[in-house]
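Next come the chains, spelled out residue by residue.
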Amino acid sequence: MQFPESWLREFCDPPLSTSALAELLTMSGMEVEELRPVAPPFAGVVVAEVLAVERHPNADRLNVCQVDAGTGAALTIVCGAPNVKAGIKVPCALVGAELPPGDDGKPFVIARGKLRGVESQGMLCSA
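Residues numbered from 1 in each chain as written. Predicted model: local features only at pLDDT ≥ 70, side-chain atom pairs only at ≥ 80, totals over all residues. Heavy atoms only, no water.

Novice: Could you give an account of the overall build of the chain, with specific residues and numbers?
Specialist: When you go through the chain residue by residue, the secondary structure sums to two helices and eight strands. Put simply, the chain runs from its N terminus to its C terminus through helices and strands in the order α-α-β-β-β-β-β-β-β-β. A compact globule built from 127 residues should have a C-alpha radius of gyration of about 14 Å, whereas the chain, at 20 Å, is more than 25% larger. For the chain, the spread of C-alpha atoms along the three principal axes comes to 65 × 35 × 25 Å. When contacts within the chain are restricted to residue pairs at least 6 apart in sequence, long-range pairs at least 24 apart make up 44% of them. Carbon and sulfur atoms provide 56% of the accessible area of the chain, an area that totals close to 9,100 Å². (Helix = DSSP H or I, 4+ residues; strand = E, 2+ residues; numbered from the N terminus. Rg over C-alpha atoms; globule rule 2.2 N^0.38 Å. Contact = heavy atoms within 4.5 Å. Areas by Shrake-Rupley, 256 points an atom, 1.4 Å probe, with all protein chains shown as cover.)

If you want it as structure tokens, here you go:
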């Protein structure tokens with residue numbers, strides 16, 4: 001049976017680390033075969049609010065978004081999502097964020113860049 005650790009800790013929350021809890025369960029006769037994170041490790045992703053959306057001047061399928069990511073000033077982020085609109089809250093990878101590795105095995109690091117002539121100061125993330 002698979003279940004999240006958070007579910008187990010809702011019912012009983014012993015002051016043990018994840019690995020110590022797994023060992024205790026196994027030694028109690030309920031073998032823990034595998035511990036697996038829900039998502040690969042990542043850093044530098046925050047919840048941001050999209051303030052405004054305009055069509056990209058040089059691309060049909062891109063939008064230029066103004067985003068409040070809690071940095072003190074609105075960020076300009078070029079986004080290709082067709083469902084982006086002002087007022088929604090989205091995961092936002094800031095410049096320097098490290099996302100899970102791709103096929104090459106290296107973390108994907110977000111950098112400031114230009115997309116079709118418009119500077120992008122991060123990346124709006126999807127599932």
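Novice: Lay out the pairing of strand β3 (residues 75-79) in plain terms, naming residues and giving numbers.
Specialist: In terms of burial, β3 is largely enclosed, as five of its five residues are buried. Direction of pairing for strand β2 (residues 63-68) relative to β3: antiparallel, over a ladder of five bridges. Within β3, the position partnered with Cys65 by the bridge is Ile77. Linkage of β2 to β3, two consecutive antiparallel strands, is achieved through a turn of six residues, within which Gly70 is found at a positive phi near 80°. (Buried < 20%, exposed > 50% of the residue type's maximum accessible area, 1.4 Å probe, protein only. Pairing = 2+ DSSP bridges.)

Novice: Lay out the nonpolar core in plain terms, naming residues and giving numbers.
Specialist: Counting 13 residues, the largest nonpolar core has Cys65, Cys92 and Leu124 as the members making the most contacts within it. At the level of elements, β1 (43-55), β2, β3 and β4 (89-99) are the ones that each hand at least two residues to this core. In this structure, Leu124 is in contact with Val50, Cys65, Val67, Ile77, Cys79, Val84, Val90, Pro91 and Cys92, ignoring residues within four places of it in sequence. With five residues, the next largest nonpolar core counts Ala93, Ala97, Leu99 and Ile110 among its residues. (Core = buried A, V, L, I, M, F, W, Y, C linked by side-chain atoms within 4.5 Å.)

Novice: Outline a nonpolar patch on the surface, supporting the account with residue identities and numerical values.
Specialist: Together, Met1, Phe3, Trp7 and Phe11 give the surface a local cluster of nonpolar side chains, amounting to about 550 Å² of exposed area. Take Phe11: it is sitting in helix α1 (residues 5-11). (Patch = residues over 30% accessible without salt bridge, like charges linked within 9 Å, V, L, I, M, F, W, Y side chains within 5 Å. Salt bridge = Lys/Arg side-chain N within 4 Å of Asp/Glu carboxyl O.)

Novice: Tell me about the packing of aromatic side chains, and please be specific about residues and values.
Specialist: Inspection of the entire model under this criterion finds two aromatic pairs. With a centroid separation of 5.3 Å and an interplanar angle of 75°, the aromatic rings of Trp7 and Phe11 are classed as edge-to-face. Residue Trp7 and its partner Phe11 are both found in helix α1; the two are separated by four residues, about one turn of the helix. Among the residues examined, Trp7 registers a relative accessible area of 39% and is labelled partly exposed. Its relative accessible area of 63% is what places Phe11 among the exposed residues. What links up through ring pairs into an aromatic cluster is the set Phe3, Trp7 and Phe11. (Phe/Tyr/Trp six-rings, centres within 6.5 Å; stacked < 30°, edge-to-face > 60°.)

Novice: Explain the side chain of His56 residue by residue, including any values.
Specialist: You can see His56 is positioned in the loop between β1 and β2. The exposure class of His56 is buried, given its relative accessible area of 4%. One polar contact links the side chain of His56 to the main-chain carbonyl oxygen of Leu115, over a distance of 2.8 Å. Contact partners of His56, with chain neighbours within four places excluded, come to Leu62, Asn63, Val64, Val78, Leu115, Arg116 and Val118. (Polar contact = N/O pair within 3.5 Å; in protein donor to acceptor, adjacent residues only side chain to side chain.)

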